[in-house]
2 protein chains.
Amino acid sequence: VALAARERLGAHVTGWDPDEHALRVALERGVLDAAAASPAEAVAGADLVVVAAPVAALPAVLEEALAAAGPDAIVTDVGSTKAAVVAAIGDPRFIGGHPLAGAEVAGVEHARADLFAGATWYLTPREDTEGLRFERLHRAVAGLGAVPTAIRPEVHDRLMAAFSHLPHVVANALVEQACDALGDEAIPVTGPSFRDMTRVAGANPPLWASIYGANREALLDALDGLLAHLRDARAVLAAGERVEAWQAGAGVRRRALLDVGLTGGPLQQVRVVVPNRPGVIADLAVTLSRAGINIHDMSLSPSPDFRSGEVALWVAEDHAGRARELVEEVAR
Amino acid sequence: VALAARERLGAHVTGWDPDEHALRVALERGVLDAAAASPAEAVAGADLVVVAAPVAALPAVLEEALAAAGPDAIVTDVGSTKAAVVAAIGDPRFIGGHPLAGAEVAGVEHARADLFAGATWYLTPREDTEGLRFERLHRAVAGLGAVPTAIRPEVHDRLMAAFSHLPHVVANALVEQACDALGDEAIPVTGPSFRDMTRVAGANPPLWASIYGANREALLDALDGLLAHLRDARAVLAAGERVEAWQAGAGVRRRALLDVGLTGGPLQQVRVVVPNRPGVIADLAVTLSRAGINIHDMSLSPSPDFRSGEVALWVAEDHAGRARELVEEVAR
């Protein structure tokens, strides 16, 4: 994030890390403009504070950052689950975040300014998130190359459970079942579907143990849902009836899932005047995201008396009509 | 198979197909030397008969082929499950087969002589399979570019269930669970693990309905095993204990699974004299496969009185010592 902010946003970036060696390397490699001696020193005077820490440690580190941050600062995080941290932090300067980007290799030596290019970057504005603050964060994230996507924290965690955490659990279980089936045979079996489906089995154990733990409730719900679907599948396969229809249905549903959120042509501007009530921008962003409409860019112009403001949103041409309707509903 | 046999083995190939158009195209494109008017005509005088038909139709078509085939012919099939067809056909001239090769596109227009290059081709010799017949089939399959791998029919079906059929069922269930989680949101979620794990969801419904049906018992066993592993995973995740060890274990097991059957260096010849008893070559081939040793080539030289024979096997250098021990045990 620091490297991308320097290279793509032209930002002045001050960093702090508990690992002094990492901090020194970051400075040497031009990932940072300056290295701070403490979190408070790094945060002082910053427009935007990005906290990266293990999910369990986030609340404490965020509170420390918020205590040192100015009244106009935005404080965000990059944790992989959102409901718990959003519930833990009451400060309206905090807006949760989660970029869906990463690499096999960790550490500042492997930092790349293009890591976020085209990546979904979830943002979890709150009811009381000020519109201008959300707009600034939205613009910063888009400037890093990512696609900011507003989402409710609990929906975020449910979707992460179904689309990321559950697949990891299932990959592990498939490997265990395959070991049982192989027994003491040493026969090569190299189906491409098995390789694809177990590629993530056993990935980074400390990291994934912490991710599963942070999203435990949503993951257990997803796992229960999957168990129910597998029991239904067992009944269909055992009866030998409607098997072809069941198989075809899964293909239709997968295509529908992957079509969600496809961009729909060149960008078009949608403008609307919104009342200056708390949460209106958050409502707007979440409403459009739920409808599958990406806000590629946004701009807020408050009226002189701050009683209302004009919002300009850039969305895909094909979505502009629907976006205008939804935006006007929210603004009412 | 026909095209590869012509191009790679220099074989004279006569074909028959219930679809007259396909048969004509095969002839025009040089996939066949001759088109027969009936299965019996195609089979007459053949050294090797390869039957490709839907799994449920295989026993009847194989019986028809065996009735027309000569006493020295080898009749094999390319069906994706093996226990039922091997149990159905009592003729020792039949040796089941299953090449793990295919393409997204079907039909003779898409035939490629290199389709089998490097692919595992399972063979299911019987107790009463004659050694010389098995050797001829082994050599033909290797000549098509594939790696012949001897296996017991029920082990074949169990492994196919775990490594291929179950992953397809799980992909469908993951898609269904993801649809539930998405609900009426239209939020893009594009995790690479989800894409990888659901790539095969809904694949070719008529084909896969027939594959599931043909391997129903083994598939239901595998599914029950997976359900048990998922329930265990649920308990680990809910307790939040030993999660990291569980995750790490899956990684270790996956690497062990994918290491199975890796070639171990340049080939070396292993020679052994075996008694001329029924099934000795089948025993030998299955024993080596179970130990993870590929027979890259084999050659049988019967003694003049046919009371015994010398077998030469080519295996990877690293496996030669172990192969010699196993072969001598079987030959005793």
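Everything below is about the structure printed above this text.
Attention here is on the structure that accompanies the text. (Residues numbered from 1 in each chain as written. Chains lettered and ligands numbered in written order. Predicted model: local features only at pLDDT ≥ 70, side-chain atom pairs only at ≥ 80, totals over all residues. Heavy atoms only, no water.)

### With respect to the overall build of chain A
We count it as follows: The helix and strand labels rest on DSSP assignments: H or I over at least four residues marks a helix, E over at least two residues marks a strand, and numbering proceeds from the N terminus. Only protein chains enter the accessibility calculation, which uses a 1.4 Å probe; a residue whose area is less than 20% of its type maximum is buried, one above 50% is exposed, and one in between is partly exposed. Working definition of accessibility: Shrake-Rupley area with a 1.4 Å probe, residue cover restricted to the visible protein chains. Counted as positive: Lys and Arg. Counted as negative: Asp and Glu. His and the chain ends are not counted at all. Each charge is placed at NZ for Lys, CZ for Arg, CG for Asp and CD for Glu.
Within chain A, the regular secondary structure consists of 13 helices and 10 strands. Residues counted as buried form 51% of the 332 residues belonging to chain A. Of the roughly 14300 Å² of accessible surface on chain A, a fraction of 52% belongs to carbon and sulfur atoms. With 29 positive and 43 negative side-chain charges, chain A shows a spacing of 4 Å between the two charge centroids.

### Considering the nonpolar core
Formally: Throughout this description, the term nonpolar core refers to a set of buried Ala, Val, Leu, Ile, Met, Phe, Trp, Tyr and Cys residues connected via side-chain atoms within 4.5 Å.
With 84 residues, the main nonpolar core has A:Leu230 and B:Leu230 as its most contacted residues. By size, the runner-up hydrophobic cluster in this structure holds 44 residues, among which are B:Ala150, B:Val286, B:Leu326 and B:Ala331.

### Comments concerning the sheet that holds strand 5 (residues 96-99) of chain B
Residues and elements named next belong to chain B. Heads up, the condition is: For two strands to be treated as a pair, DSSP must find at least two bridges joining them. Every angle, taken between N-to-C directions, lies between 0 and 180 degrees, and every axis is a line fitted to C-alpha atoms, over only the stretch in contact when it is a helix.
A sheet is described by the order of its strands in space; here 3 strands give the open sequence 5-6-7, paired in mixed fashion. Lying at the two open borders of the sheet, with one neighbouring strand each, are strand 5 and strand 7 (147-150). Each adjacent strand pair in this sheet contributes to an overall mean axis angle of 25°, direction not counted. Looking at chain direction, strand 6 (residues 120-124) and strand 7 are connected through 4 bridges and run parallel. For Leu123, the partnering residue across the bridge sits in strand 7 and is Ala150.

### Side note on a nonpolar patch on the surface
Put simply, the rule is: Each patch groups residues whose relative accessible area exceeds 30% and which form no salt bridge, using 9 Å between like charges and 5 Å between nonpolar side chains of Val, Leu, Ile, Met, Phe, Trp and Tyr. For this analysis, a salt bridge means a side-chain nitrogen from Lys or Arg found within 4 Å of a carboxyl oxygen belonging to Asp or Glu.
Together, A:Val1, A:Leu48 and A:Val50 make up an exposed nonpolar region whose accessible area comes to about 190 Å². Within the secondary structure layout, A:Val50 lies in strand 3 (residues 48-51).

### Details of the interface of chain A and chain B
Put simply, the rule reads: Residues are treated as being in contact if the distance between any of their heavy atoms lies within 4.5 Å. Note on terms: buried area is the combined drop in 1.4 Å-probe accessible area of two parts once they are placed together, counting the loss on both. For the purposes of these results, a polar contact is taken to be a pair of N or O atoms within 3.5 Å, where, inside protein, one atom must be able to donate a hydrogen and its partner to accept one; residues adjacent in sequence count only when each atom of the pair is a side-chain atom. Residue type decides the class: Asp, Glu, Lys and Arg count as charged, Ala, Val, Leu, Ile, Met, Phe, Trp, Tyr, Cys and Pro as nonpolar, and the leftover types, Gly among them, as polar.
The interface is formed by 85 residues belonging to chain A together with 86 residues belonging to chain B. Overall, the association of chain A and chain B removes approximately 8600 Å² of surface from exposure, summing both partners, and the carbon and sulfur fraction of that is 67%. Applying the counting rule to chain A against chain B returns 10 salt bridges. One salt bridge in this structure joins B:Arg234 and A:Asp224, with 2.6 Å as the shortest N-O distance. Where chain A meets chain B, there are 30 residue pairs in polar contact (both at pLDDT 80 or more). For the side of chain A that touches chain B, the secondary structure elements donating two or more residues are strand 6 (120-124), helix 7 (153-182), helix 8 (192-198), helix 9 (205-214), helix 10 (216-239), helix 11 (243-259) and helix 12 (280-290) of chain A. Tallying contributions element by element places helix 7 of chain A first for the side of chain A that touches chain B, with 24 residues. Classifying every residue of the side of chain A that touches chain B gives 51 nonpolar, 18 polar and 16 charged.

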